[in-house]
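Each chain, letter by letter, is given below.
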Amino acid sequence: MPSSPKPRWRQRPPGSTWGDFGPDDQLGRLNLLTPEKVRQGVAEVREGRSFALSLPLDYPGGNALNANRNPPVLRPLLRKGLVNFNCLLGELEPGRTDVLSDDLVILHLQYSTQWDGLAHAGSLFDADGDGLPEPVYYNGFAAGRDVVGPVDVRDAGVPAAPGAATSTSAARALGIEGMARTGVQGRGVLVDLRAHLGDTRTVVGHDALMRVMEADGVVVEPGDIVCLHTGFADVVLGMRRQPDPAVLAASCAVLDGRDERLLQWITDSQVAAIAADNYAVEAFPARPGPACCAALPLHEHCLFRLGVHLGELWHLTPLARWLRERRRYRFLLTAPPLNLPGAVASPVTPVATV
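Residues numbered from 1 in each chain as written. Predicted model: local features only at pLDDT ≥ 70, side-chain atom pairs only at ≥ 80, totals over all residues. Heavy atoms only, no water.

(A) Quick look at the side chain of Thr 317. Locating Thr 317 in the fold gives a position in helix α9 (residues 317–325). Side chain to side chain, Thr 317 and His 229 meet in a polar contact 2.9 Å long. When residues no more than four places from it in sequence are discounted, the contact partners of Thr 317 are Arg 194, His 229, Gly 231, Asp 234 and Asp 277. (Helix = DSSP H or I, 4+ residues; strand = E, 2+ residues; numbered from the N terminus. Polar contact = N/O pair within 3.5 Å; in protein donor to acceptor, adjacent residues only side chain to side chain. Contact = heavy atoms within 4.5 Å.)

If you want it as structure tokens, here you go:
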């Protein structure tokens, strides 16, 4: 008989969900988006009104939030040597009346409203038990084997000739396409931090989050998708693609990724995913911590340990305002990413239906 395949890991991080959804699972807590959770989301639809929860893809503007991410670049295609934009087909085929436009985009996948996939953030961890930590991702998928990329900087970044470009990286496991195939539909739960904390930057730990939820009667159940309204995306929109880094650094609530009680709540609550309208869900940079540990501790906890996808820069203010006026906080959420095989993250146009 053939021998069984070698397991990817012999020990898992403390408190992780590795293996809980199967040895080859690539969805993490999205497995909790069961048909029952979809029915619960649908049950929140009373008026049939929809809210689009995405910023325009060219926001925030510039690269003040992240020097490595830039706005989309749109360019026309070519058609038989002509610029294929407002292209008069009659110049190529006499007598034709068609006027055609066709374009391409150079798109940084985490520039605007986005989902972080599970291959976005891993950690150095001794998964095989040999005493040496290695770079791995959720459920033991390994850098260099399952998540591959180039070593030459010439094969990274925007190529000089987009038309001749080839792909040089791929998440062969944990790619965003797995998330896309689920449809990412279920019951959303909005926590309105802005209503209680205002627009001043506030690092929110477990106790502060619980106070806000208790004040508004918010209950989170297993399989819910939690959406944190801080007002940050609203501030970004008001800057009209000219973001002021100093103002943004002093604006709106962020979660305290160093708060172990907060991380334990995320574990215990069994949320399916977390989305926020701020830059990184958590404070970045995080509060000072041990030098041995993650710069983005909530990312490590959610993406690496638990398989909880993170949404960032969602536009939640109109939805939050509408829900607060009616003393509601639940809604049907539909938020699949692009079905782009091998990508580690994706723009998303979430829709809340109430």
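(B) Examining unusual backbone geometry more closely. The omega torsion of the bond from Tyr 59 to Pro 60 falls at 15 degrees, within 30 degrees of zero and hence cis. On the secondary structure map, Pro 60 appears in the loop between β1 (50–52) and β2 (73–79). Despite not being glycine, Lys 80 shows a phi value in the positive range, around 50 degrees. With respect to the helices, strands and loops of the structure, Lys 80 is situated in the loop between β2 and β3 (82–84). In this model, Asn 86 sits at a positive phi of 55 degrees, which is unusual for a non-glycine residue. Position of Asn 86 among the secondary structure elements: in the loop between β3 and β4 (87–88).

(C) Spotlight on the sheet that holds strand β19 (residues 345–347). In space, the nine strands of this open sheet follow the order β1-β20-β18-β12-β14-β16-β17-β7-β19, with mixed pairing throughout. Among the strands making up the open sheet, the edge pair consists of β1 and β19. With strand direction ignored, the average angle separating the axes of adjacent strands in the sheet is 25 degrees. Sheet analysis places strand β16 (residues 273–276) next to strand β17 (residues 309–312), joined by three bridges and oriented parallel. Looking at β17, one finds that Ala 273 is bridged to His 309. Its contacts with the sheet place helix α1 (residues 35–43) against β12 (185–192) and β18 (330–334), and it is angled at close to 55 degrees to β12. (Pairing = 2+ DSSP bridges. Axes fitted to C-alpha atoms, helices over the stretch in contact; angles between N-to-C directions.)

(D) Seen up close, the nonpolar core. The biggest cluster of nonpolar side chains holds 45 residues, and the ones touching the most others in it are Val 191, Leu 209, Leu 228 and Ile 274. Counting only elements with at least two residues in this core, the list comes to β12, α4 (206–216), β14 (225–229), β15 (253–255), α7 (260–269), β16 and α8 (297–306). It is α8 that contributes the most residues to this core, five residues altogether. Ignoring anything within four residues of it in the chain, the contact list for Leu 209 reads Val 191, Leu 193, Val 204, Leu 228, Leu 262 and Trp 265. Of all hydrophobic cores here, the second largest spans 27 residues; its members include Ile 225, Ala 273, Trp 314 and Ala 335. (Core = buried A, V, L, I, M, F, W, Y, C linked by side-chain atoms within 4.5 Å. Buried < 20%, exposed > 50% of the residue type's maximum accessible area, 1.4 Å probe, protein only.)

(E) Just a nonpolar patch on the surface, in detail. A contiguous nonpolar surface patch, about 320 Å² in accessible area, is contributed by Leu 78, Val 83 and Phe 85. Among the secondary structure elements, Phe 85 is positioned in the loop between β3 and β4. Judged by relative accessible area, which is 42%, Phe 85 ranks as partly exposed. (Patch = residues over 30% accessible without salt bridge, like charges linked within 9 Å, V, L, I, M, F, W, Y side chains within 5 Å. Areas by Shrake-Rupley, 256 points an atom, 1.4 Å probe, with all protein chains shown as cover. Salt bridge = Lys/Arg side-chain N within 4 Å of Asp/Glu carboxyl O.)

(F) Inspection of the side chain of Asp 25 at higher detail. Structurally, Asp 25 can be placed in the segment before α1. Here Asp 25 is buried and forms no salt bridge, its nearest opposite-charge partner Arg 8 lying at an N-O distance of 8.2 Å. Reaching out from Asp 25, the side chain makes a polar contact with the backbone nitrogen of Leu 27 at a distance of 3.2 Å. Looking at Asp 25, its side chain comes within polar contact range of the side chain of Tyr 138, at 2.7 Å. Among all residues touching Asp 25, those that are not within four sequence positions of it are Asn 31, Tyr 138, Asn 139 and Phe 141. (Lys, Arg positive; Asp, Glu negative; His and termini not counted.)

(G) Spotlight on empty space enclosed by the protein. The final tally for this structure, using the stated rule, is three cavities of 30 Å³ or more. Considering only enclosed or pocket space, the largest cavity measures out at about 70 Å³ in volume. Around the largest cavity, the lining residues are Pro 60, Gly 61, Gly 62, Asn 63, Ala 64, Leu 65, Asn 66, Arg 69, Gln 110, Tyr 111, Tyr 279 and Leu 313. When its residues are assigned to classes, the lining of the largest cavity shows six nonpolar, five polar and one charged. The volume enclosed by the second largest cavity comes to roughly 50 Å³. Along its surface, the second largest cavity is lined by Leu 209, Val 226, Leu 228, Leu 255, Leu 262, Trp 265, Ile 266 and Ile 274. Only β14 and α7 provide two or more residues apiece to the lining of the second largest cavity. In terms of residue count, the dominant contributor to the lining of the second largest cavity is α7 (three residues). (1 Å grid on protein atoms, 1.4 Å probe; cavity = no way out; pocket = protein on both sides within 12 Å on 5 of 7 lines; lining within 4 Å. Points joined across faces, edges and corners; volume = space filled by probe spheres on them. Nonpolar A, V, L, I, M, F, W, Y, C, P; charged D, E, K, R; others polar.)

(H) Region of the structure containing the sheet that holds strand β6 (residues 103–106). In spatial order, the strands read β3-β2-β6; together these three strands make up an open sheet with antiparallel pairing. Each of the sheet's edge strands pairs with one partner strand only, and the pair in question is β3 and β6. Each adjacent strand pair in this sheet contributes to an overall mean axis angle of 45 degrees, direction not counted.

(I) Main features of α9. Every buried residue of α9 is listed here: Thr 317, Leu 319, Ala 320, Trp 322 and Leu 323. Positive backbone phi, at 55 degrees, marks Arg 327, one or two positions downstream of α9.

(J) Structural context of the layout of surface pockets. Approximately 1,500 Å³ is the volume found for the largest pocket. Forming the walls of the largest pocket are 38 residues, and the residues nearest its centre are Leu 107, Leu 109, Gly 157, Thr 168 and Ser 169. With three residues, the single largest contributor to the lining of the largest pocket is β6. Taken together, the residues of the lining of the largest pocket sort by class into 22 nonpolar, 13 polar and three charged. Approximately 350 Å³ is the volume found for the second largest pocket. Around the second largest pocket, the lining is made up of 17 residues, and of these Glu 260, Leu 263, Cys 293, Glu 300 and Arg 305 lie nearest the centre. Taken together, the residues of the lining of the second largest pocket sort by class into seven nonpolar, six polar and four charged.

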